[in-house]
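The chain contents come next:
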Amino acid sequence: MSKVRAQWGGVVIFWLAPLMIVFVAVWRALPYLSMPPEARLLAASQPGGWANLAVWAVVILVNLLAAWLIWQKYGLICPSGVYWRYLLALAVGCGLLVGVVVREIGPGKPGAWNVFYLAPDSASYIQPYSAHTSRPPVYPLFIDIVAGRGFDHTFDDSLVNKPLMIVDHPLLRVVRLQKALLVAAILLACYALMRFLVTPLPAVLFLLLQDFNFFGTEVDYVLSDTLAMVFLLLILAVFLEMVREASFVKGEVSPEGKKPFSPSLAHPWKQLRFPVIGVLCALLYLTRPAGVYGVALLGMGALWLLITGWRINWRNVLLGLALAAGLVSVPPLYVYFETGNLSPAPLYAVSRAAFALQVAQPSDVSLMPDVRSREFLERALERKKTTDAEIRQQYQNDPVWVHWYSILSNSHTAMITLRDMQPPATGIEGTKILQNASAILLRQHFLDYLRLSWYSFQIETGVLNRLDPFLRHFGIPTFWYAVGLFLALALWLRGKEGFVVVSFFLTHFTNLVIVALFDLPTQRYSGATEHLLLLAVLVLAAEASRRFIRKPVS
């Protein structure tokens, strides 16, 4: 009788666990189902209420029990049917969160399926791509394709940051499609992580990440962030599959329990996984230049292939690197041949000028190579003196905001100064002035620039780090203690799991360094890879617990 009860208990858990994933999404969606669209916007909520947290705690506990039972029953050969049940539950859950639940994506900014937003930056994205546009090509082309012919590219400043419920607007189609692509990419990345860890638990984590906006709060905006997240999740999916396959050497048994596996026995299309990662990394960069952090996953993927079988994989590694470099170089070369200006990214000159003006001194005017550059720096420093005084007065008790607004103000100062010069320095001349002046100033004040970037890095890992308050509840004093602990555990685990954890951490910190050196320290930028840390923690927890739990007898 006890054996029958145990079997029925296992069946209940097997089916109850994925249903609990749907339940938590239904729980979040219920308050909005009976409301008209206008009322939903007024009832937007955050996922962190005590009732929601309690429901999430129950869902996590039930799924942990189910994962243990699945591990005891199947071991390392989990049937694909188990994964598909969870993926279906995740698809339904993400659909409800994206299509029904109204999220508070910012003060007074609720997001929903029938709503889209325009940001000030949206104006530069909806313009047709050309050699003179200030954005990389992928997102403007994406808008053009989805919006269709006859799309009005004019931009109305009065609509900025307001919830727009224009159901027949072409930009609503753009926002809806980028949400649908995000859900599809979440499912693919989740499936790859399930197969990698041989457990359905990633479905719970991915829905949790979606509910708590770890995949971005800009999904309702006409901004490139969501499409960049889609490419990042696709990179993760292919990366995990590649590491999982290439980690088996001749003489070992594959996860399916079939014939011995070695990289040379892989199906030919599987050999193209690294070139696919190269293409996706290029698309990520060409969507958002800050996405150059993808090079960390690209490099780690190449390293893994060379470690596991360099004689077999070196051609594919070279092909992947060549595709990434070739695709990334096409837009700069196109701009160069059209305009004569060579720059790694359209807004690179403005970004560099923001940091250069922050460390510049009046004595640096004499270092400028020509009259126009000297005029620019004199005017810019004079204007900066006024704006810095205003910023210090307004945010005198908050050095973080002083730092943030000073760098932001420098971008506007540089552009306004170019416009006010006599005659105005526009187009290619203005870009070259910014590039030449910035190179000299940053070289002259290199240590000051590093200190400035280090302060930005501290803001990213402290003030902007969403995981730090959570860690303090568990007695971990700072984020860096947790990082050290997790990396030490990854080194202890070694193998493919440890390698993936190190790859995820390296990608996140590559992103933080790039933001600190080239951009403003904001949640929008530094948080773009924060979910990788939680995925890494899941990999560590799953593999460490597997080592301690008695392995089931097949």
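Please refer to the structure higher up on the page.
Below: a short report on this structure. (Residues numbered from 1 in each chain as written. Predicted model: local features only at pLDDT ≥ 70, side-chain atom pairs only at ≥ 80, totals over all residues. Heavy atoms only, no water.)

Focus on the overall build of the protein chain
Next up, step 1: A tally of regular secondary structure across the protein chain gives 21 helices and two strands.
Next up, step 2: Radius of gyration (C-alpha) of the protein chain: 25 Å, near the 24 Å computed for a compact globule of 554 residues.
Next up, step 3: Dimensions of the protein chain along its principal axes, counting C-alpha atoms only, are 90 × 60 × 55 Å.
Next up, step 4: Looking at the 554 residues of the protein chain, the share that counts as buried comes to 52%.
Next up, step 5: Counted over contacts in the protein chain with a minimum sequence separation of 6, partners at least 24 positions apart contribute 78%.
Next up, step 6: As displayed, the protein chain has an accessible area near 25,700 Å², and 67% of this comes from carbon and sulfur atoms.
Next up, step 7: For the protein chain, the centre of its 45 positive side-chain charges and the centre of its 34 negative side-chain charges are spaced 13 Å apart. (Helix = DSSP H or I, 4+ residues; strand = E, 2+ residues; numbered from the N terminus. Rg over C-alpha atoms; globule rule 2.2 N^0.38 Å. Buried < 20%, exposed > 50% of the residue type's maximum accessible area, 1.4 Å probe, protein only. Contact = heavy atoms within 4.5 Å. Areas by Shrake-Rupley, 256 points an atom, 1.4 Å probe, with all protein chains shown as cover. Lys, Arg positive; Asp, Glu negative; His and termini not counted. Charge placed at Lys NZ, Arg CZ, Asp CG, Glu CD.)

So, the packing of aromatic side chains
Next up, step 1: Under the counting rule described, the total for this entry stands at 18 aromatic pairs.
Next up, step 2: For the ring pair Trp-304 and Phe-499, a centre distance of 4.6 Å and an interplane angle of 40° mean the geometry is tilted. On the criterion of sequence distance, the pair formed by Trp-304 in helix H11 (residues 294-339) and Phe-499 in helix H19 (residues 495-518) is long-range, its members being 195 residues apart. For the pair Trp-304 and Phe-499, a shared accessibility class is recorded, and that class is buried. (Phe/Tyr/Trp six-rings, centres within 6.5 Å; stacked < 30°, edge-to-face > 60°.)

Structural notes on the packing of helix H12 (residues 348-359) against helix H14 (residues 399-420)
Next up, step 1: Viewed as axis vectors pointing N to C, H12 and H14 meet at an angle of 115°, and their least axial separation amounts to 8 Å. Relative to H14, the element H12 lies roughly perpendicular. Regarding H12 and H14, the two cross each other, and that crossing is right-handed. Contacts between H12 and H14 involve Val-350, Ala-353, Ala-354, Phe-355, Leu-357 and Gln-358 from the first element and Ser-406, Ile-407, Asn-410, Ser-411, Thr-413, Ala-414 and Met-415 from the second.
Next up, step 2: Of the residues in the contact of H12 with H14, the class split is eight nonpolar, five polar and no charged. (Axes fitted to C-alpha atoms, helices over the stretch in contact; angles between N-to-C directions. Parallel < 35°, antiparallel > 145°, perpendicular 65-115°, else oblique. Left-handed = near helix turned anticlockwise from the far one by under 90°. Nonpolar A, V, L, I, M, F, W, Y, C, P; charged D, E, K, R; others polar.)

A look at the pattern of salt bridges
Next up, step 1: With the rule as written, the count across this model stands at 20 salt bridges.
Next up, step 2: As a salt-bridge pair, Lys-179 and Asp-220 come within 2.6 Å of each other at their nearest N and O atoms. Of this pair, Lys-179 sits in helix H7 (residues 170-197) while Asp-220 sits in the loop between helix H8 (202-211) and helix H9 (225-246), and the two are 41 residues apart along the sequence.
Next up, step 3: Between Asp-225 and Arg-524 there is a salt bridge, with its nearest N and O atoms 2.8 Å apart. Highlighted residues: Asp-225 in helix H9 and Arg-524 in helix H20 (residues 523-526), separated in sequence by 299 residues.
Next up, step 4: Connected through salt bridges with shared partners, the residues Asp-121, Arg-135, Asp-225, Arg-288 and Arg-524 form a single ionic network. (Salt bridge = Lys/Arg side-chain N within 4 Å of Asp/Glu carboxyl O.)

Focus on a nonpolar patch on the surface
Next up, step 1: On the surface, Leu-272, Val-276, Leu-319 and Leu-323 cluster together into a nonpolar patch covering about 290 Å² of accessible area.
Next up, step 2: By secondary structure assignment, the location of Leu-323 is in helix H11.
Next up, step 3: The exposure class assigned to Leu-323 is partly exposed, which follows from its relative accessible area of 32%. (Patch = residues over 30% accessible without salt bridge, like charges linked within 9 Å, V, L, I, M, F, W, Y side chains within 5 Å.)

Remarks on the layout of surface pockets
Next up, step 1: The computed volume of the second largest pocket comes to approximately 1,500 Å³.
Next up, step 2: As for the second largest pocket, its lining consists of 42 residues, and the residues nearest its centre are Ile-60, Leu-205, Leu-208, Phe-470 and Leu-534.
Next up, step 3: Listed by contribution, the elements that provide at least two residues to the lining of the second largest pocket are helix H3 (50-74), H8, helix H17 (467-472), helix H18 (479-493) and helix H21 (531-548).
Next up, step 4: If one sorts the elements of the lining of the second largest pocket by residue count, H3 sits on top with ten residues.
Next up, step 5: Here the lining of the second largest pocket is built from residues that sort into 35 nonpolar, five polar and two charged. (1 Å grid on protein atoms, 1.4 Å probe; cavity = no way out; pocket = protein on both sides within 12 Å on 5 of 7 lines; lining within 4 Å. Points joined across faces, edges and corners; volume = space filled by probe spheres on them.)

Structural notes on the nonpolar core
Next up, step 1: Grouped together as the largest cluster of nonpolar side chains are 135 residues, with contacts concentrated most on Phe-206, Leu-233, Phe-239 and Phe-504.
Next up, step 2: Not counting the four nearest positions on each side in its chain, Leu-233 is found in contact with Leu-182, Ala-185, Ile-186, Ala-189, Phe-206, Phe-215 and His-531.
Next up, step 3: The next biggest cluster of nonpolar side chains, apart from the first, holds 30 residues, and it includes Ala-349, Ile-407, Met-421 and Ala-425. (Core = buried A, V, L, I, M, F, W, Y, C linked by side-chain atoms within 4.5 Å.)

A word on the packing of helix H16 (residues 446-461) against H19
Next up, step 1: Between H16 and H19, whose axes approach to 8 Å, the crossing angle comes to 130°. Classified by the interaxial angle, the pair formed by H16 and H19 is oblique. The two elements H16 and H19 meet at a crossing, and its hand is right-handed. Within the contact between the two elements, H16 uses Tyr-449, Ser-453, Ser-456, Phe-457, Glu-460 and Thr-461 and H19 uses Phe-509, Leu-512, Val-513, Val-515, Ala-516 and Leu-517.
Next up, step 2: In terms of residue class, the contact of H16 with H19 is built from eight nonpolar, three polar and one charged.

Notes on H18
Next up, step 1: Taking 1.5 Å per residue as the helical rise, H18 with its 15 residues ought to reach 21 Å, and the 21 Å between its terminal C-alpha atoms agrees with that figure.
Next up, step 2: Listed in full, the buried residues belonging to H18 are Phe-479, Ala-482, Val-483, Phe-486, Ala-490 and Leu-493. In a view along the axis of H18, the buried residues occupy a sector of 100°, so they form one face of it. Facing away from the buried side of H18 by more than 90 degrees, the exposed set consists of Tyr-481, Leu-485 and Leu-491.
Next up, step 3: Immediately beyond the C-terminal end of H18, within one or two residues, lies Arg-494, with a positive phi of roughly 55°. (Expected span 1.5 Å × (residues − 1). Arc of directions from axis to C-beta.)

Examining the environment of Gly-498
Next up, step 1: Within the element layout of this structure, Gly-498 appears in helix H19.
Next up, step 2: A relative accessible area of 4% means that Gly-498 is categorised as buried.
Next up, step 3: Residues Gly-498 and Asp-211, 287 residues apart in the sequence, show an inter-C-alpha distance of 27 Å.

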